[in-house]
Amino acid sequence: MAKNDLILLTLDPSPVLDLMERTLTAAGFGVAVVHDRLGMEKSIQEAIPALMIIGEKFSGEDGFSISREILERFPTLPIILYADKDTNGLARSVLKMGMSGYLCPPLKMSDITDEVQRSLARARKLGDWLRREVKRTTSSLAEKADLSEAEHQKLEAIIANIQDGVIVMDRHRNIILVNRAVSDIFDLDDLDLVGRSVIDAIPNEDLQALLARATNGPLKYHEVNFNDGRVYNAQYTPIPHIGGAITMQDISYLKELDRLKSDFIHTISHDLRSPLTAIMGYTELVERTGPLTHNQQEFLRRLQGSAQHITTLVNDLLDLGRLDAGFDTRRETVHLDNVLKYSLDIFDNQVKKKNIKLSVNVAPNLKALRANPIRIRQMLDNLVGNAIKYTPTDGSVHVSMSMEGEQIIIKVKDTGVGIPPEEQGRVFEKFYRASNAARGAQGSGLGLAIVKSIVDSHQGRVWVESTVGKGSTFIVLLPTQE
Ligand code: ADP
């Protein structure tokens, strides 16, 4: 028994109260007697008793109700109920309430001390168990914290050793993780970037353009160019609940390869032009040299067809070369609806031959563009031409032009073969022909690459939405003000 344990006697004045007070004092306990609700509350809060004995009736109130309230607030405080009579259900009620025990007359001194000591021992065991549990939980939390610190270090080590630049930001674009490669890429002296706003810490226009793009639209990558010729592909990835990450890959060697390839194609195309012109010229002259047999005429026709095909290819390649090199600088006021009319005219025969239902819808408020009319015509020719080419007989093609803010939206929709989802991202690449093209439609795979280059040089965007077997819609956005 702990000598200092304080027992709170919450009983109305009576001989029993006196007996308890004497007995417990004699047994070495501290004893406090309270006579009303207020005194009881004060003692519990301030004196912190080790145990409380409460009368079945106390200060005109029900001892059970008072005990229920106290146990709700102090669930570990042992409470013994004193009842005047040991009625039938008393023991059960006491247990149900969560009290430690009860006392009834006739009372011997030993009954009181035994019950108090038993309740205290039980409360002590409960306390010990609680302390052990708390300790156990705390130490397992500490273990977890150690583990997550180790994980954190592992992650930092991995990111530090990645060759690509990695920047992880919070929602406010403040850097929370950055690797050494980033400082090397941007040639930053200040290595302490963590905690700073990415825009202030890395003042690079291309990187800022990427962040602006990532906020405003679906495009999440941007090339970062340096004066010394290095080119990086910077990609933005949103990270849920954290913010986002930028990864930067060195693509300088790919760019160089691409340049070499373009130079090569350009030179070859250029060199092919003169012999092709000669072939075309001579095939026309042959007919004038004298009468030809039916077979000779047929072979000559095929020869001209093939030479024409190569000429178109070579012209497309030269166009692409010029567009990619940024030579498309001619800008005039262009009324798209007029250009569209001319474009549709050239497909008249094909439309009739395939019985295609062609419809057009141009918004009355369509603004004029500052653009190169020849290139815009070429873009429409390619898109409308493809729609007709990849749509079977009796299908339909719909061209619409509308305004959204300061942007013109052109949609070329067909009910054709469609493009499989995995190929949709590639159809704008040079020479790429999707698997649907294998079914007989002639082409070089350059039309959409030219469309993309034209749209790019007018600061626009182009993409396709398509379902195999149902049709495709090519969408072009062109800003009316560059
Ligand atoms: P091509 O000369 O082969 O038509 P393009 O560059 O114009 O080359 O188009 C690339 C590929 O995209 C085509 O080969 C075809 O597979 C696909 N494609 C283009 N337009 C359509 C369309 N309207 N419907 C279905 N597939 C299309």
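Conventions and cut-offs
Residues numbered from 1 in each chain as written. Predicted model: local features only at pLDDT ≥ 70, side-chain atom pairs only at ≥ 80, totals over all residues. Heavy atoms only, no water. Pairing = 2+ DSSP bridges. Helix = DSSP H or I, 4+ residues; strand = E, 2+ residues; numbered from the N terminus. Axes fitted to C-alpha atoms, helices over the stretch in contact; angles between N-to-C directions. Near = heavy atom within 4 Å. Polar contact = N/O pair within 3.5 Å; in protein donor to acceptor, adjacent residues only side chain to side chain. Areas by Shrake-Rupley, 256 points an atom, 1.4 Å probe, with all protein chains shown as cover. Nonpolar A, V, L, I, M, F, W, Y, C, P; charged D, E, K, R; others polar. Core = buried A, V, L, I, M, F, W, Y, C linked by side-chain atoms within 4.5 Å. Buried < 20%, exposed > 50% of the residue type's maximum accessible area, 1.4 Å probe, protein only. Domains from an automatic or database assignment. Contact = heavy atoms within 4.5 Å.

**A few points about the sheet that holds strand β11 (residues 231–239)**
Spatial ordering of the open sheet is given by β9-β8-β12-β11-β10, a layout of five strands whose pairing is antiparallel. In this open sheet, the two strands that pair with only one neighbour each are β9 (175–178) and β10 (221–225). Ignoring strand direction, the axes of neighbouring strands in this sheet form an average angle of 20°.

**Observations concerning the site of the ligand**
Near the ligand, the surroundings consist of 21 residues, among which Asn 386, Tyr 390, Arg 433, Asn 436 and Leu 448 are the closest. The contact in question runs from an oxygen atom of the ligand to an N or O atom on the side chain of Arg 433, over 2.4 Å. For the ligand, the protein covers 98% of the area, taking 530 Å² as the surface of the free molecule. Of all elements in the fold, only α13 (373–389), α15 (447–457) and β19 (471–479) reach the threshold of two or more residues within the shell around the ligand. Residues belonging to the shell around the ligand are distributed by class as follows: 11 nonpolar, seven polar and three charged.

**Topic: the nonpolar core**
In terms of nonpolar packing, the biggest core is built from 46 residues, with Met 379 and Ile 410 touching the most fellow members. Sorting elements by how many residues they give to this core places α13 first, with seven residues. When we break this core down by domain, the ones giving at least three residues each are domain 3 (255–324) and domain 4 (332–479).

**Structural notes on unusual backbone geometry**
For the peptide bond that leads from Pro 105 to Pro 106, omega is -5°, which places it in the cis range. Inspection of the secondary structure puts Pro 106 in the loop between β7 (101–103) and α5 (109–161). For Asp 394, which is not glycine, the phi torsion reads 70° and is therefore positive. The phi dihedral of Gln 459 is positive, around 60°, even though this residue is not glycine. Mapped onto the fold, Gln 459 is located in the loop between α15 and β18 (461–467).

**Observations regarding the pairing of strand β3 (residues 51–55)**
The side chains of a regular strand alternate between the sheet's two faces. Taken across its five residues, β3 has five buried, putting it largely inside the fold. A two-sided burial pattern is seen for β3, the buried positions comprising Leu 51, Ile 53 and Gly 55 on one face and Met 52 and Ile 54 on the other. Where strand β1 (residues 6–10) and β3 come together, four bridges link them in parallel fashion. Bridging from a neighbouring strand, Ile 7 pairs with Leu 51 of β3.

**A look at the sheet that holds β7**
One open sheet holds the five strands; their spatial order is β2-β1-β3-β6-β7, and the pairing between them is parallel. The sheet is open, and its two edges are formed by β2 (30–34) and β7, each paired on a single side. Going from strand to strand, the sheet's axes swing by 20° on average, the running direction of each strand aside. Helix-sheet contacts for helix α4 (residues 90–97) involve β6 (79–82) and β7, and the interaxial angle to β7 is about 140°. Together, β1, β3, β6 and β7 form the strand contacts of α5, whose direction differs from that of β7 by roughly 170°.

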